[in-house]
Amino acid sequence: MKKYIILLLTIITLMGCSHEDEMIVGDDWRITGIVKDAATITIDNQEIDILLCVHSEDANIYYNMKEQTLFAKLKYPITVNAEAYQSIDFSYLNDDDNSDVTIKFTDNEKDIVMVWLWDSGANEYVFSEELSVIPVS
């Protein structure tokens, strides 16, 4: 009986302690179901394998490796329904030969398209209001 109580308490503890982006000690975070997409991007002529995690206020790009290491945080200008995520694209949108980011959501039959351009000087993605399409509610 004592074994069952310990097992039950362990399960309850594990269920209550998980958060989308928390590292699970001794496990590979990539298999927990939080990764929405994977790709290879090019930054400064270097190819980088990345993974995408989508949230309601931002998206996180991680290096594709066992240790959960952040590459870039993409802050949205609006709050979105993370479940409305449709796709991500890393096409070159300007002449710098670095992968830029386009994320598409479809919510209530409205397409939301958000774009970030790579800023080599700042070494980060910068939101582009001009290239984004955010419908007025």
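Cut-offs applied
- Residue positions are given per chain, counting from 1 as you read along its sequence in written order.
- Totals for whole chains, interfaces and linings use every residue, but because this is a predicted model, local features are given only for residues with pLDDT of at least 70 and side-chain atom pairs only at 80 or more, for both listing and counting.
- Side-chain measures were taken over the full set of non-hydrogen atoms in the model, leaving aside hydrogen atoms and water.
- Counting from the N terminus, the helices are DSSP H or I runs at least four residues long and the strands are E runs at least two residues long.
- The buried label applies to any residue whose accessible area, calculated with a 1.4 Å probe on protein chains only, is under 20% of its type's maximum; exposed applies above 50%, and partly exposed to all values in between.
- This count recognises Lys and Arg as positive and Asp and Glu as negative, with His and chain-terminal groups excluded.
- The working definition used for a salt bridge is a side-chain nitrogen of Lys or Arg within 4 Å of a carboxyl oxygen of Asp or Glu.
- Two residues qualify as a contact provided that any one of their heavy atoms is within 4.5 Å of a heavy atom in the partner residue.
- Two strands qualify as a pair provided that DSSP identifies no fewer than 2 bridges between them.
- An axis is simply a line fitted to the C-alpha atoms; with a helix, the fit covers only the stretch in contact. Between two such axes, the angle follows the N-to-C directions and lies from 0 to 180 degrees.
- Side-chain atoms within 4.5 Å are what join buried Ala, Val, Leu, Ile, Met, Phe, Trp, Tyr and Cys residues into a set we call a nonpolar core.

Draft legend 1. Fine view of the side chain of D100. By secondary structure assignment, the location of D100 is in the loop between β5 (85–89) and β6 (101–107). Despite its burial, D100 remains without a salt bridge, the nearest opposite charge being carried by K104 at 19 Å. Once residues lying within four places of it in the same chain are set aside, the contact partners of D100 are D89, F90, S91, Y92, L93, N94, W116, L117, W118 and Y125.

Draft legend 2. Molecular detail of the sheet that holds strand β1 (residues 37–43). One open sheet holds the four strands; their spatial order is β1-β2-β3-β4, and the pairing between them is antiparallel. Each end of this open sheet is capped by a strand with a single partner; those strands are β1 and β4 (70–75). Neighbour-to-neighbour, the strand axes of this sheet turn through a mean angle of 30°, independent of strand direction. Sheet analysis places strand β3 (residues 58–63) next to β4, joined by five bridges and oriented antiparallel. Residue D58 lies in a different strand from β4, and its bridge partner there is K75.

Draft legend 3. The nonpolar core, seen in detail. Within the largest apolar cluster, 26 residues are counted, with the highest numbers of intra-cluster contacts made by I61, F71, V101, I103, F105 and Y125. Of all the secondary structure elements, the ones that give two or more residues to this core are β1, β2 (46–54), β3, β4, β5, β6 and β7 (110–119). When neighbours within four sequence positions are excluded, F71 is seen to be in contact with I41, I43, I48, I61, Y62, Y63, W118 and Y125.

Draft legend 4. Structural detail: unusual backbone geometry. In this model, D44 sits at a positive phi of 50°, which is unusual for a non-glycine residue. With respect to the secondary-structure elements, D44 resides in the loop between β1 and β2. On the accessibility criterion, D44 (47% relative accessible area) is partly exposed. Phi is positive for N123, which is not a glycine, with a value near 60°. Within the secondary structure layout, N123 lies in the loop between β7 and β8 (124–127). Its relative accessible area of 51% is what places N123 among the exposed residues.

Draft legend 5. A look at the sheet that holds β7. Judged by pairing direction, the sheet is antiparallel, and its four strands sit side by side in the order β5-β6-β7-β8 without closing on themselves. Only two strands of the sheet have a single partner each, and these edge strands are β5 and β8. Put simply, the sheet's adjacent strands are angled 25° from each other on average, direction ignored. Direction of pairing for β5 relative to β6: antiparallel, over a ladder of four bridges. Paired with S87 across the two strands is K104, which belongs to β6.

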